[in-house]
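Descriptive structure summary
One-letter residues, chain by chain:
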Amino acid sequence: MKFIDEYQDSKLVKGLAHQISQRSTKPVRLMEFCGGHTHAILRYGIRQLLPKTVEMRSGPGCPVCVTANADLDRAIALAHLPEVIITTFGDMIRVPGSYSSLQQAKAEGADVRIVYSTLDAVGMAMANPGKSVVFIGIGFETTAPTIAASILKARQDKVENFHVMALNKLTPPVMRALLDSGETKLDGIVCPGHVSVIIGSYPYEFIPRDYGVACVVSGFEPLDILLCIDKLVEQIEKGEPKVQIAYPRGVKPEGNMKARQLMDEVFEIGEADWRGIGVVPQSGLKIRGKYEQFDADKVFPVSMKPPREPGGCRCGDVIRGVATPLECRLFRKICTPERPVGPCMVSSEGACAAFYQYETPDDLRSS
Amino acid sequence: MDDSILLAHGSGGKLSHELVEKRIVPLLANPALNKLDDSAVFEASGRLAFTTDSYVVNPIFFPGGDIGKLAVCGTVNDLAMNGASPLYLSLAAIIEEGFPLSDLDLIVQSIKKTAEEADVSIVTGDTKVVDRGKADRLFITTSGVGIIPHGVDISGANARAGDKVLLSGTIGDHGIAIMSQREGLKFSMTLKSDCAPLNKLVSQMLDVSLSIHCLRDPTRGGLATTLNELAHQSGVGIAIEEDKIPVREDVRAACELLGLDPIYVANEGKLVAIVDAADANKIVARMKKNIYGRDAAIIGEVSAEHQGKVTMKTRLGPSRIVDMLSGELLPRIC
């Protein structure tokens, strides 16, 4: 199995980096929407390969980071209910909510388990008929189809003790919200590869049209990312912003029809509360009425204390691309992966965790 | 019920004696153990190394090993990492009520086989049984004693600028093999854990050179964490090259899929050696002749720059700091 090496070829990478340097004459600010891209850029040292004219900003594409504290607090409250097993993806258990975390709840006796696939959560429900299994459904358009499939599977197999807390969020509406706010001037967007596998590239067309901002869909290997940046710089230099795909092996303009049908069957679009951004209309997925028996929020109403944000934490600014992690006063001093204050330091897709983990020798010299 | 562990097996009475004398001692037999005295008595002279470790792996049987093999290898390797030749081990088991006796037999067999391979004797032990739910099936603690040969001085604090950093083989095999078996993460692959006793490899390395300054097995936290420990303990910088680190293709693929970095994934049959540059090639050549060192490579060197830090030249050229693992290794979301 050799599917990565071709996309990490150092000669090709250096050639492409050189081409970008040649092409780039004026300063540009690009946002990589997706936390996976932030990590790849820092992990492979792509920042150091780019010319000084190209500035990269991280965006809100980290599912854990954009989960509102109120939603996280509700998940923690559910975890404390008797005979409830909470299942969730990876990092979610470490994120501090307003008063506690799922990890803390687990230490206090709650049954909290990590799964890699939502179908495993359905399997867990079948294996534990006396308990209720609640899946905390976070993520973007990437995870929504599999969560929808798990609900359909639970209905088909009559698994009545499986429930989902639907917190999925949608990418294009939040991009519009960020651009509307005008807080950060952007010239181009590195569009998320995995999300675009599902939704295709058409949903980004409004960005060059209404905002004059270039959009290129990127994969996650170093060559993918540099190819994407090269195309963005080329568009900006020419003054011809448009939507392009630099990840053709994964993304078609129309996306994945089957996955979108699954989403549409189970979910309807509604408002969503984004950490650091607030409530964005039409940017979230809610479980449709006909599947409400699987909707954890309908089945387990819990009363909550009002949510609160940790003092001094700039995760909200980092999520909106207004600040880099290095501009947060807590970064590395008070907020570390061992004792995270905000979600961006916890998640393997969070910008602060990436800046912390992939520090360069130059950063050491300058600090 | 004759086929599973009962609380009475831990009562100290007849069933306890039967368990020890019929199921455990005959397999692990040696003069010190056979006496069944309160402590093992043996002769030893020279500088001794002494270590202990507990094993709580889940699942207890995994591709390429089990908790018994791990409990022997782990303690043998801890002794070997100070250059000691392991001699004697203790074995203490905490068993959950209801644990199948057939599984216990398999694990004792595995302990016997691994101890034979490593050439160590289990000379003393203990079993306790706890109520169902008070332990997760089976926990094992082993302690070990070994003798450090004359002229050997190995410590995590001994790395010097200019030394070479050696790795005995592919990284991440154990962690990915275990992860592929865990509930909620199951995926099918043919990968086996690298769990192995490394004492013979170490003694062969010492045969060709006494200029081995540090040895450590990169278990939990992986290669990155071990190198950080050594850099910190010795007050030096360590610079490695990503390209030089051997990683199996299937491990790399699984890591890509799960969003993990193999340098943070656990190993149970690998070692990192920091050695005098002049002897590095000679030591690697000897390692390659041992089955547990056949993929050995020089992966970097020790420098006086960036003290206490590990830097890695990435495949694409730029360098970055490699920190210790923080928290648990968790798969990414999308």
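Reading guide: rules and limits
- Within any chain, residue numbers begin from 1 and follow the written order of that chain's sequence.
- All chains are assigned letters beginning with A, and all ligands numbers beginning with 1, in the order in which they are written.
- pLDDT decides what is reported in this predicted model: residues at 70 or higher carry local features, side-chain atom pairs at 80 or more are listed and counted, and totals for whole chains, interfaces and linings draw on all residues regardless.
- Helix and strand labels come from DSSP, where a helix needs a run of H or I of at least four residues and a strand needs a run of E of at least two; each type is numbered from the N terminus.
- Two things to know: the radius of gyration comes from C-alpha atoms, and the globule rule equals 2.2 Å times the number of residues to the power 0.38.
- Exposed residues have 12 or fewer other C-beta atoms within 10 Å of their own C-beta, buried residues have 20 or more, and residues in between are partly exposed; the C-beta atoms are placed from the backbone.
- Note on contacts: residues are paired as contacts if their backbone-placed C-beta atoms lie within 7 Å.
- Gly is put with the polar residues, along with every residue not named as nonpolar or charged; the nonpolar set is Ala, Val, Leu, Ile, Met, Phe, Trp, Tyr, Cys and Pro, and the charged set is Asp, Glu, Lys and Arg.
- Residue count minus one, scaled by 1.5 Å, sets the expected span of a helix.
- A pair of strands is considered paired only if DSSP assigns at least 2 bridges between the two.
- Comment: axis = line fitted to C-alpha atoms, over the contacting stretch for helices; angle = value between 0 and 180 degrees taken between N-to-C directions.
- Residue ranges for the domains originate in an automatic or database domain assignment.
- Angles below 35 degrees are treated as roughly parallel, those above 145 as roughly antiparallel, those between 65 and 115 as roughly perpendicular, and all remaining angles as oblique.
- What makes a crossing left-handed is the near helix being turned counterclockwise from the far one by less than a right angle; a clockwise turn instead makes it right-handed.
- Each nonpolar core consists of buried Ala, Val, Leu, Ile, Met, Phe, Trp, Tyr and Cys residues. Their C-beta atoms, within 7 Å, join them into a set.

1. Looking at the overall build of chain B
Per the secondary structure count, chain B includes nine helices and 13 strands. Taken over the C-alpha trace, chain B has a radius of gyration of 21 Å; the compact-globule value for 334 residues is 20 Å, and the two agree within 12%. Going through the 334 residues of chain B one by one, you find that 48% of them count as buried.

2. Notes on the interface of chain B and chain A
Opposite the 26 residues of chain B that make contact, chain A presents 39 residues. Within the residue set of the side of chain B that touches chain A, elements represented by two or more residues are helix 8 (249-258) and strand 13 (319-322) of chain B. Take the side of chain B that touches chain A: its biggest share by element is five residues, from helix 8 of chain B. Partitioning the side of chain B that touches chain A into residue classes produces nine nonpolar, nine polar and eight charged.

3. Focus: helix 11 (residues 222-238) of chain A
Residue and element names in this part refer to chain A. Helix length check: helix 11, at 17 residues, gives a terminal C-alpha distance of 24 Å against a target of 24 Å (1.5 Å per residue), a fit within 8%. Burial within helix 11 is extensive, with 13 of its 17 residues counted as buried. G239 occupies a position one or two residues after helix 11 and carries a positive phi of about 70°.

4. Section: the sheet that holds strand 5 (residues 132-137) of chain A
All names here are of chain A. Taken in spatial order, the four strands make up an open sheet running 4-3-5-6, and their pairing is parallel. Sheet topology places strand 4 (111-114) and strand 6 (162-166) at the edges, where each strand pairs with a single neighbour. Averaged over all pairs of adjacent strands, the angle between strand axes in this sheet comes to 25°, irrespective of strand direction. As judged from the four bridges shared by strand 3 (residues 84-88) and strand 5, these two strands associate in the parallel manner. Note on strand 5: the bridge partner recorded for T87 is F135. Running over the sheet, helix 4 (residues 69-79) touches strand 3, strand 4, strand 5 and strand 6 and is turned about 140° from strand 3. Contacts between helix 6 (residues 118-127) and the sheet are confined to strand 3, strand 5 and strand 6, with strand 5 contributing the most and set at about 165° to the helix.

5. So, the sheet that holds strand 4 (residues 85-96) of chain B
Residue and element names in this part refer to chain B. One open sheet holds the four strands; their spatial order is 1-6-4-5, and the pairing between them is mixed. The sheet is open, and its two edges are formed by strand 1 (47-55) and strand 5 (121-130), each paired on a single side. For this sheet, the mean angle separating the axes of adjacent strands, direction not counted, is 10°. Relative to strand 5, strand 4 is paired through nine bridges, and the arrangement is parallel. Within strand 5, the position partnered with I94 by the bridge is K128. Strands strand 1, strand 4 and strand 6 (138-148) of the sheet are contacted by helix 3 (residues 67-80), whose axis makes an angle of about 30° with strand 6.

6. Brief notes about the pairing of strand 12 (residues 310-313) of chain B
Residue and element names in this part refer to chain B. Where strand 9 (residues 237-241) meets strand 12, four bridges bridge the pair, whose relative direction is parallel. Along strand 12, the bridge assignment pairs A239 with T311. The sheet contact formed by strand 12 and strand 13 spans four bridges and is antiparallel. Note that in strand 13 the partner of V310 across the bridge is V322.

7. Quick notes on unusual backbone geometry
In the segment running from B:N58 into B:P59, the intervening peptide bond is cis, with an omega of 5°. As for its position among the elements, B:P59 is in the loop between strand 1 and strand 2 (61-62). Positive phi outside glycine occurs at A:R332, with the angle close to 70°. Among the secondary structure elements, A:R332 is positioned in the loop between helix 14 (315-319) and helix 15 (351-357). Given 16 C-beta atoms within a 10 Å radius, A:R332 is considered partly exposed. A positive phi is found at B:D119, a non-glycine position, where the angle reads about 65°. By secondary structure assignment, the location of B:D119 is in the loop between helix 4 (101-118) and strand 5.

8. Quick look at the domain arrangement of chain B
Residue and element names in this part refer to chain B. According to the domain assignment, chain B contains domain 1 (7-148) and domain 2 (164-322). Using C-alpha coordinates to define each centre, domain 1 is positioned 27 Å away from domain 2. Counting only elements with at least two residues in the side of domain 1 that touches domain 2, the list comes to helix 3, strand 4 and helix 4. Here the side of domain 1 that touches domain 2 takes nine residues from helix 3, the largest share from any one element. Across the side of domain 1 that touches domain 2, the residue classes break down as twelve nonpolar, seven polar and two charged.

9. Some remarks on helix 6 of chain A
Within helix 6 of chain A, burial applies to A:T118, A:A121, A:V122, A:G123, A:M124 and A:A125. Buried-residue contacts for helix 6 of chain A involve strand 3, strand 5, helix 7 (144-156) and strand 6 of chain A.

10. As for the pairing of strand 10 (residues 267-274) of chain A
All names here are of chain A. Two elements, strand 10 and strand 11 (residues 278-287), share seven bridges in a ladder whose sense is antiparallel. Within the sheet, the bridge partner assigned to A272 lies in strand 11 and is V280. Hairpin geometry of strand 10 and strand 11 is characterised by an intervening segment of three residues between the two adjacent antiparallel strands and by a positive phi of about 85° at G276.

11. Regarding the environment of B:G169
Residues and elements named next belong to chain B. Residue placement: G169 occurs in the loop between strand 7 (164-167) and helix 5 (173-179). The buried category is assigned to G169, around which 24 C-beta atoms lie within 10 Å. G169 sits 79 residues away from R248 along the chain, and the two C-alpha atoms are 9.6 Å apart. Ignoring any residue separated from it by four or fewer positions in sequence, one finds G169 in contact with P246, K270, Y292, G293, R294, D295 and A296.

12. Points about the packing of helix 1 (residues 10-23) of chain A against helix 11 of chain A
Residue and element names in this part refer to chain A. For the pair helix 1 and helix 11, the least separation of the axes is 10 Å and the interaxial angle reads 15°. Comparing their axes, helix 11 and helix 1 come out roughly parallel. Crossing of helix 1 over helix 11 shows left-handed handedness. Note on element contacts: helix 11 touches helix 1 through P222, L223, L226, L227, I229, D230, V233, E234 and E237, opposite L12, V13, L16, A17, Q19, I20 and R23. The residue inventory of the contact of helix 1 with helix 11, partitioned by class, reads eleven nonpolar, one polar and four charged.

13. Focus on the nonpolar core
With 127 residues, the main nonpolar core has A:I86, A:I189, A:C344 and A:C352 as its most contacted residues. Filtering out sequence-adjacent residues up to four positions away, A:C344 remains in contact with A:C62, A:C65, A:C315, A:V318, A:I319, A:P325, A:G350, A:A351, A:C352 and A:A353. Of all hydrophobic cores here, the second largest spans 94 residues; its members include B:C73, B:I95, B:L167 and B:Y264.

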